[in-house]
Amino acid sequence: MSGLTGKELKGEGKTTSRKARKSGRALGTATPSGSELLHRVFNQDDFAYRSETEGTPPQTPPISYEDDEYIMSGQITPAEGLMTPDDREAASGSDMGTWDPKKLVQELQDKKTNRSETREMLLEHYNKTMRSSYHEDMETLNTSELIDAFLRGANSSTNANERSLSLQAYSLTICTANLSQSDMASRQTLKQILADDSNEECKVQALYALTCTIVYYGAGEDDIVEWLDFIVETIQSNGDSIGVTGKDGVITALFECWGFAATFANIWYHADSAMDAFVEKLDSPDVDTQTSAAECIAYIFEASREHEQEEGEPFELPYDPIRVASRITDLSKGSSKSKSKQGRKDLRGGLRSVITSLEKGVGPYYSTAQSLSTNKEQGYRYKLRKRHPASSMGYVALVETWDTYLRIAMLKKIFGGGMEKQLEQENPMVKECLEGLDWSFVTKTDSRVGQQGGYNDVDDY
């Protein structure tokens with residue numbers, strides 16, 4: 001007894017009340033209580049929960065995948081080879097099982113029983129699942145209650161992380177479900193969140209949510225153009241109009257949202273004012289803001305070239321693309337000192353892509369380097385890849401226009417690393433968004449498709 005402190009004695013044999021276990025107040029995502037809650041809401045067994053309720057520690061099953069080619073194909077990683085198929089499925093969160101949205105709504109709204117940490121766990125699981133796999137059931141479900149619950153959480157929670165997760169859940173839902181035209185109440189709530197929330201990440205997520213809502217469920221192109229004008233005015237005010245003066249992350253998100261929404265509208269009458277705001281932001285000390293502004297500038301010049309081909313005249317822009325390219329070149333030389341080595345590489349690649357685009361009138365990531373085999377320019381190097389669901393083979397598409405590039409950039413913000421699955425399983429919204437791509441079938445000899453499984457990368461640009 002003399003070797004034990006009072007604190008240790010108190011901790012020894014400490015129990016958790018039945019009420020606390022039921023409410024989830026004492027739970028973490030790896031505890032039996034947490035798994036029980038996920039099972040109750042999503043009807044999905046959790047590997048850790050099964051092991052603990054059975055009273056046995058998790059056992060490592062023998063490796064049943066002895067074919068190295070199968071492992072290295074990218075269908076599973078060597079680490080996953082130590083798990084059974086059921087365990088991998090549970091760990092990835094890729095199967096929602098049989099579930100009722102009302103159960104999730106009920107748990108999210110039961111704030112008397114479930115604390116913020118519990119609601120965060122539910123939202124994280126929902127978001128992870130929605131990103132990792134496209135669920136056709138979402139198109140037939142009545143998701144109005146889900147959307148209302150997410151918006152209420154985003155608008156009323158005192159926890160910033162819960163508000164951010166709620167906004168992400170909202171965006172994932174509207175980008176997956178087959179909804180009718182968005183009601184003005186939802187948009188008004190999102191605008192209120194954008195104006196009032198003091199958290200930078202919440203403002204960023206509110207921008208993404210508003211942009212997807214207006215593009216996919218707005219009243220038409222007039223709505224999109226009005227939103228584009230609002231974004232430009234906000235950039236011109238350096239974020240002051242939404243209370244984020246000098247917040248570089250929000251300013252960068254504004255450019256991302258403008259770039260995405262602009263690809264769905266005719267910006268003929270609005271390009272000049274946008275260019276004024278974007279060129280001014282090239283002087284920003286933040287390199288991400290510089291790069292995002294430069295990419296939007298490249299898109300405006302691309303849209304001008306297309307307008308000239310179709311209508312016989314370009315946009316009326318008081319800027320020469322060659323001079324803008326020269327300015328970006330000068331700025332890029334001294335703007336990367338504070339970045340990491342990888343950051344500097346990405347920055348140089350991004351700005352060089354814009355410079356080449358403005359100088360040669362081409363799309364993103366066009367390489368002028370000579371190919372040794374053909375003695376011609378290597379051309380476009382930015383590729384979108386998707387694997388064949390049943391094999392290590394897959395498809396590759398070159399991204400040759402800024403409008404496609406900017407759409408991909410926004411889809412990555414919404415779906416993250418799960419965008420590959422959305423492509424493979426043909427999420428209708430993602431498929432429609434990228435319908436202009438020309439896919440080519442490749443065999444498993446192109447190991448980058450099988451092993452890396454990436455949905456985009458630039459080859460040696």
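Residues numbered from 1 in each chain as written. Predicted model: local features only at pLDDT ≥ 70, side-chain atom pairs only at ≥ 80, totals over all residues. Heavy atoms only, no water.

The name given to the chain in an unreviewed UniProt entry is Interferon-related developmental regulator (IFRD), and the organism recorded there is Emericellopsis cladophorae. Listed under Sequence similarities (unreviewed entry) in UniProt, the entry text for the chain is "Belongs to the IFRD family." (UniProt positions renumbered as here; feature names shortened; annotations may be inferred.)

1. Examining the overall build of the chain
Scanning the chain from terminus to terminus reveals 22 helices and six strands. When burial is assessed residue by residue, the chain has 49% of its 461 residues classed as buried. Put simply, 68% of the contacts in the chain that link residues at least 6 apart link residues at least 24 apart. (Helix = DSSP H or I, 4+ residues; strand = E, 2+ residues; numbered from the N terminus. Buried < 20%, exposed > 50% of the residue type's maximum accessible area, 1.4 Å probe, protein only. Contact = heavy atoms within 4.5 Å.)

2. Let's talk about the nonpolar core
L104, Y126, W258, F278, I300 and L434 are the most contacted members of the largest nonpolar core, which has 108 residues in total. Once you skip the residues sitting within four places of it in the chain, F278 turns out to touch V232, I235, F255, W258, A293, C296, I297 and I300. (Core = buried A, V, L, I, M, F, W, Y, C linked by side-chain atoms within 4.5 Å.)

3. Thoughts on helix α9 (residues 144–156)
Compared with the 18 Å implied by 1.5 Å per residue over 13 residues, the 18 Å span of α9 between its first and last C-alpha is a close match. Within α9, the full set of buried residues consists of L146, I147, A149, F150, L151, G153 and A154. (Expected span 1.5 Å × (residues − 1).)

4. Comments concerning the confidence of the model for the chain
Of all residues in the chain, 72% have pLDDT values of 70 or greater, and the mean over the chain is 79. Here residues 1–14 is a poorly scored stretch, pLDDT under 50, and it has four contacts once near neighbours within four places are set aside; other chains count. Considering only residues more than four positions removed or in separate chains, one finds that residues 447–456, a stretch of pLDDT under 50, has 38 contacts. (pLDDT = per-residue confidence, 0-100.)

5. A few points about the environment of H270
Position of H270 among the secondary structure elements: in the loop between α14 (248–262) and α15 (271–280). For the pair H270 and I300, spaced 30 residues apart in the sequence, the C-alpha separation amounts to 10.0 Å. The contacts of H270, once residues within four sequence positions are left out, are V225 and D229.

6. Thoughts on a negative patch on the surface
Taken together, the side chains of D272, D276, E280, E306, E308, E310, E311, E313 and E316 define an acidic patch exposed on the protein surface. At the level of elements, α15 and α16 (287–311) are the ones that each hand at least two residues to the negative patch. With four residues, α16 is the single largest residue contributor to the negative patch. Structurally, E311 can be placed in helix α16. (Patch = residues over 30% accessible without salt bridge, like charges linked within 9 Å, V, L, I, M, F, W, Y side chains within 5 Å. Areas by Shrake-Rupley, 256 points an atom, 1.4 Å probe, with all protein chains shown as cover. Salt bridge = Lys/Arg side-chain N within 4 Å of Asp/Glu carboxyl O. Lys, Arg positive; Asp, Glu negative; His and termini not counted. Charge placed at Lys NZ, Arg CZ, Asp CG, Glu CD.)

7. Notes on unusual backbone geometry
Within the chain, Y365 stands out as a residue other than glycine whose phi angle is a positive 50 degrees. Note that Y365 resides in the loop between α18 (341–360) and β1 (366–370). Exposure remark for Y365: the relative accessible area of 10% places this residue in the buried category. The backbone phi angle of E426 is positive, close to 60 degrees, even though this residue is not glycine. Position of E426 relative to the elements: it lies in the loop between α20 (419–424) and α21 (428–433).

8. Some points on the pairing of strand β4 (residues 394–398)
The pairing of strand β3 (residues 382–387) with β4 spans five bridges and is classified as antiparallel. Following the sheet pairing, K386 is matched in β4 by Y395. In this structure, β4 lies alongside strand β5 (residues 440–442), joined through three bridges in antiparallel fashion. Counted as the bridge partner of G394 is V442 from β5. (Pairing = 2+ DSSP bridges.)

9. Comments concerning the packing of aromatic side chains
Tallied over the entire structure, the rule returns 16 aromatic pairs. With a centroid separation of 4.9 Å and an interplanar angle of 85 degrees, the aromatic rings of W258 and F278 are classed as edge-to-face. Within this pair, whereas W258 is found in helix α14, its partner F278 is found in helix α15, the two being separated by 20 residues in sequence. On the accessibility criterion, W258 (2% relative accessible area) is buried. Consider the rings of Y366 and Y380, whose centres lie 5.0 Å apart with planes at 80 degrees: the pair is edge-to-face. (Phe/Tyr/Trp six-rings, centres within 6.5 Å; stacked < 30°, edge-to-face > 60°.)

10. A few points about the environment of E313
On the secondary structure map, E313 appears in the loop between α16 and α17 (321–333). The contacts of E313, once residues within four sequence positions are left out, are W268, H307 and E308.

11. A look at the pattern of salt bridges
Taken as a whole and assessed by the stated rule, the structure comprises twelve salt bridges. Here D283 and R327 are joined by a salt bridge, their closest N and O atoms 2.6 Å apart. Placement of the pair is D283 in the loop between α15 and α16 and R327 in helix α17, with a sequence separation of 44 residues. Put simply, E420 and R387 hold a salt bridge, and the shortest N to O gap is 2.8 Å. Of the two residues, E420 sits in helix α20 while R387 sits in strand β3, which places them 33 residues apart along the sequence. For R387, a relative accessible area of 17% corresponds to the buried category. Through salt bridges that share partners, R387, E420, K421 and E424 make up one connected network.

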